[in-house]
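In case you want the letters, here they are:
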Amino acid sequence: MLILESSVSQLSPIAKKLTGQLKKLKVETVRDLVFHFPFRYDDFSKILTIVALQERMIATVKVKVDLIQTKRSFRRKLITEAIVSDETGSIKAVWFGQPYIGKILKVGDEIYLAGKVEDYYGLQFSSPNYEKVKGLATTHTARLVPVYSTTGNLTSKQIRYLVRLAFPLIKKLPEHLPWQIKRELGLIDLSKACQGIHFPQSQEELQKAQKRLKFDELFIVQLAVKFLKQNLAKLPAQPLPFQEEIIKNFVQGLPFKLTNDQRKAAWQILKDLARNRPTNRLLEGEVGSGKTVVAVMAMLNAVVCGGQAAFMAPTEILARQHYQSISKLLRRQKVKVGLLTRSQIFLAPEKLTKGEMLKKIAAGEVDIIIGTHALIAEKVHFKNLTLAIVDEQHRFGVNQRRLLREKSGVHNLMPHLLSMTATPIPRTLTLVFYGDLDISIIKELPKGRKKILTRVIQPTQRPKAYQFIKEQIRRGRQIFVICPLIDPSDKLGVKSVKEEYQRLKKDIFPDLQISYLHGRLKAQERERIMTDFLANKINILVSTSVVEVGIDVPNATVMMIEDAERFGLAQLHQFRGRVGRSKHQSYCFLFSQAESFQSILRLQALIKSEDGFSLAEKDLEFRGPGEIYGTRQSGMIDYFKIANLFDYQLINLAKEQVEKVLTQSPDIRRFPLLLEKVSTFQKAVHLE
Ligand code: ADP
Ligand code: MG
């Protein structure tokens, strides 16, 4: 028996042949097919007589086939031509390269033709949709016809055909939304909505279907996130009371004055830590805004309270950089700071083996452990871990959190967790993806930072830009060159790391040290290259976006970005943040082949603005949420098939209903189908 969970191949022999291509669209089960929504509709709902047709009209006619034949054109292409008529007249229809149509449609058949009317030595339909008149509902003509995203030579028509076959199951789709919500918001049933989204009877029905399905996505995501947060907040944590005197002393001893934003963020974090519930806060701040010192205040507080703290960085180099700067900040404190990565193990003043280090951590002889995410979460057992800080990883998964809890050494207590990121996340996204996660934001940059000069470079000015770079390197500076691709691609005409590296090395700067970096190199190889770059053994580093995340090379002063229009604004802003980290004036050069007004407008926004938040908002506007770093990796973005993350009104309505449901039934058990839906979602995006 066919059910929603059946493989889509079971729908029909045709479906079986198409399984491979459907799989590319992530359609494997009948349910996947049902939730593969159209991305637009052709409005063929107007049914006209032939006499009423005019050039450029989009319409359907109900006609009889008078003549049909397939022949070769003088360019040896196959053309199928038909003459069709109704009681008002006759018209020609032509199809190219689809000879089978000549076999499907026979003289005398009654059919619908739908498409655009063109004038080509007389009116005709070119490649119209066609469908035999059967007295049933139409699928491809005489209605709003759904158009789907496809792949390979899979057609929208085939998908429509398959969705029709799945219709009996769509009609039986169970409802998971509580009826109170539906009534309050005037939402239609899930089954009706799924019928209406594929084959709407009218624009009005389509809108109702869209509203219901959009609400569903926004509601389920927010419910899942909130639910999770609620469960997490129930766990006990060790309170770390504010050690006022020591923290104040520490701040006074700093070589600089904290900015107001740093002060405020630190205060919020320290207040969180004092509670007996696990802190779960995100600290957002532009590159160079000084997040590290805020994190250090929190760690110092934890250590003074008798616990250990872990600081997790995304790469080995960053771990080392943090180790150096954190040790420096804490040099006057009685705090033991250790570094632990795959290849670096250090506990000042000694170098020790990994085994020795692990033993010392387990014995509580290291207060602050700095390392890479995976290593610390998976391998280390602590004596008393009370605070974990995660740098630049947006979703520190619940599983990782659970691991930390198990290894924290503190029986049954959850360590406090502080995540940090330089990626500004628009408010709506945090609301949807993180529930109302606690967030602290550092907007203000420390005083005296030099502005990075950003320019769009015209193709004719390229030689001048290279001249400029040569001069910078002569003065001892270093250069980043970013390309969108790793390998050359003929199709896109877009710059690749490999090609650009060769070109710069051979043709432009034969006497300079040039190297390249991309995500397919082994981690160790990447680390080696970055280390060489840091040591100024490399003048120019050609790279893909892998340099995006927080690496600090103060001596680099020029960031050149090739085909800049291919990156999101927030991402370009991140690239730009790789330079301007020293007393030297720094530059960001944007190269672009784009001529479209929109692309130019986007790049202009980058020149004008240094505010990562507003740039991220612009990204959301120009390119959708997929561009916002971290949301794509989280898998959540894929879940949004129809909802619009700009739809503040619907987002807020969904949020309200989430609160209501959770008040009525904190564990959602009163709504079993909803609970099931939420757990499926959590599994799909690895939220559990
Ligand atoms: P990020 O937020 O990118 O992690 P860091 O914490 O690495 O930034 O800080 C960047 C640099 O700014 C460091 O060298 C740090 O010592 C310095 N810094 C931090 N806060 C201040 C401040 N209030 N005034 C001046 N310099 C500061
Ligand atoms: Mg940092």
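Small disclaimer: the values here were computed from a predicted structure and weren't measured.

Caption draft 1: Geometry of the overall build of the protein chain. Across its full length, the protein chain carries 25 helices and 24 strands. When the 688 residues of the protein chain are sorted by exposure, 51% land in the buried category. Counting contacts in the protein chain only where the partners sit at least 6 residues apart, residues at least 24 apart contribute 71% of the total. As displayed, the protein chain offers around 32700 Å² of accessible surface, 52% of which is attributable to carbon and sulfur atoms. Across the protein chain, the centroid of the 106 positively charged side chains sits 3 Å from that of the 69 negatively charged ones.

Caption draft 2: Looking closely at a nonpolar patch on the surface. On the surface, I14, Y161 and L165 cluster together to form a nonpolar patch covering roughly 220 Å² of accessible area. With respect to the secondary-structure elements, I14 resides in helix α1 (residues 13-24). A residue is classified by how much of its surface remains accessible, and I14, at 36% relative accessible area, is partly exposed.

Caption draft 3: Representation of the domain arrangement of the protein chain in the model. By domain assignment, the protein chain separates into domain 1 (1-40 + 155-172), domain 2 (46-142), domain 3 (244-274 + 290-421) and domain 4 (453-609). One C-alpha centre belongs to domain 3, the other to domain 4; they are set 32 Å apart. With nine residues of domain 3 at the interface, the matching set in domain 4 holds nine residues. Between domain 3 and domain 4, the buried area comes to about 750 Å², and carbon and sulfur atoms account for 58% of it. Taken as a group, I317, Q321 and R342 account for 58% of the area that domain 3 buries against domain 4, more than any other trio of residues on that side. Our count for the domain 3 to domain 4 interface comes out at zero salt bridges. Along the contact surface separating domain 3 from domain 4 lie two residue pairs in polar contact (both at pLDDT 80 or more). Looking at the side of domain 3 that touches domain 4, its residues break down into three nonpolar, two polar and four charged.

Caption draft 4: Summary view of the site of ligand 1. Around ligand 1, a shell composed of 15 residues is seen, among which K257, G288, K291, T292 and R449 lie nearest. Contacts to ligand 1 include Q262, whose side-chain N or O atom sits 2.9 Å from a nitrogen atom. Protein burial of ligand 1: of its 570 Å² of free accessible surface, 71% is covered by the chains. Taken together, the residues that form the shell around ligand 1 break down as four nonpolar, six polar and five charged.

Caption draft 5: Highlighting the side chain of S543. Among the structural elements, S543 can be located in strand β22 (residues 540-543). Setting aside anything within four residues of it in sequence, one finds S543 in contact with V481, I482, C483, V497 and L517.

Caption draft 6: Structural context of the packing of helix α7 (residues 190-198) against helix α8 (residues 203-234). Direction vectors running N to C along α7 and α8 enclose 120°, while the axes themselves pass 8 Å from each other. Relative to α8, the element α7 lies oblique. Of the two possible hands of crossing, α7 and α8 adopt the one that is left-handed. Every residue of α8 that contacts α7 at L190, A193, C194, G196 and I197 is listed here: E205, L206, A209, Q210, R212, L213 and D216. Among the residues making up the contact of α7 with α8, the classes are represented as seven nonpolar, two polar and three charged.

Caption draft 7: View of unusual backbone geometry. Positioned with a positive phi, A142 is a non-glycine residue whose angle comes to about 55°. With respect to the helices and strands, the residue A142 is situated in the loop between β8 (129-132) and β9 (144-147). One non-glycine residue, D563, lies in the positive phi region at around 45°. As for its placement among the helices and strands, D563 is situated in the loop between β23 (556-561) and α20 (569-576). Overall, the relative accessible area of 2% leaves D563 in the buried class.

Caption draft 8: Region of interest: the sheet that holds strand β11 (residues 308-313). The strand order across the open sheet built from nine strands is β14-β13-β12-β15-β11-β16-β17-β10-β18, with neighbouring strands paired in mixed fashion. The strands lining the two open edges of the sheet, one partner per strand, are β14 (350-351) and β18 (438-442). Where strand β13 (residues 345-347) meets β14, two bridges bridge the pair, whose relative direction is antiparallel. Looking at β14, one finds that F346 is bridged to K351. Its contacts with the sheet put helix α13 (residues 354-362) on β11, β12 (337-340), β13, β14 and β15 (368-372), and the angle it makes with β12 is roughly 135°.

Caption draft 9: Structural context of the pairing of β12. Burial of β12 is two-sided: the residues V337 and L339 facing one way and the residues G338 and L340 facing the other way are all buried. Sheet analysis places β12 next to β15, joined by four bridges and oriented parallel. Note that in β15 the partner of L339 across the bridge is I370. Two elements, β12 and β13, share three bridges in a ladder whose sense is antiparallel. Following the sheet pairing, L339 is matched in β13 by F346. Linkage of β12 to β13, two consecutive antiparallel strands, is achieved through a turn of four residues.

Caption draft 10: Structural detail: helix α9 (residues 244-252). Along α9, the residues that are buried comprise I247, F250 and V251. Buried residues in α9, looked at end-on, bunch into an arc of 95°, giving them a common side. Of the exposed residues in α9, the ones pointing more than 90 degrees away from its buried face are E245 and Q252. Where α9 is buried, its residues meet α10 (260-273), α11 (291-304) and α12 (316-329).

Caption draft 11: Representation of the pattern of salt bridges in the model. Taken as a whole and assessed by the stated rule, the structure comprises 31 salt bridges. One salt bridge in this structure joins R503 and E500, with 2.8 Å as the shortest N-O distance. Of the two residues, R503 and E500 both sit in helix α18 (residues 497-508), three residues apart, roughly one turn of that helix. For R503, a relative accessible area of 24% corresponds to the partly exposed category. Among the residues examined, E500 registers a relative accessible area of 3% and is labelled buried. The closest approach of N and O atoms between D532 and K537, which form a salt bridge, is 3.9 Å. Judged by its relative accessible area of 18%, D532 falls in the buried class. Take K537: its relative accessible area is 55%, and that puts it in the exposed class.

Caption draft 12: Quick peek at the environment of V494. Examined against the element boundaries, V494 turns out to sit in the loop between β20 (478-482) and α18. Along the chain, V494 and E562 lie 68 residues apart, while their C-alpha atoms are 8.4 Å from each other. Not counting residues within four places of it along the chain, the set of residues in contact with V494 comprises P484, L485, S489, D563 and R566.

Calculation notes
- Residues numbered from 1 in each chain as written.
- Chains lettered and ligands numbered in written order.
- Predicted model: local features only at pLDDT ≥ 70, side-chain atom pairs only at ≥ 80, totals over all residues.
- Heavy atoms only, no water.
- Helix = DSSP H or I, 4+ residues; strand = E, 2+ residues; numbered from the N terminus.
- Buried < 20%, exposed > 50% of the residue type's maximum accessible area, 1.4 Å probe, protein only.
- Contact = heavy atoms within 4.5 Å.
- Areas by Shrake-Rupley, 256 points an atom, 1.4 Å probe, with all protein chains shown as cover.
- Lys, Arg positive; Asp, Glu negative; His and termini not counted.
- Charge placed at Lys NZ, Arg CZ, Asp CG, Glu CD.
- Patch = residues over 30% accessible without salt bridge, like charges linked within 9 Å, V, L, I, M, F, W, Y side chains within 5 Å.
- Salt bridge = Lys/Arg side-chain N within 4 Å of Asp/Glu carboxyl O.
- Domains from an automatic or database assignment.
- Buried area = accessible area lost by both parts, 1.4 Å probe.
- Polar contact = N/O pair within 3.5 Å; in protein donor to acceptor, adjacent residues only side chain to side chain.
- Nonpolar A, V, L, I, M, F, W, Y, C, P; charged D, E, K, R; others polar.
- Near = heavy atom within 4 Å.
- Axes fitted to C-alpha atoms, helices over the stretch in contact; angles between N-to-C directions.
- Parallel < 35°, antiparallel > 145°, perpendicular 65-115°, else oblique.
- Left-handed = near helix turned anticlockwise from the far one by under 90°.
- Pairing = 2+ DSSP bridges.
- Arc of directions from axis to C-beta.

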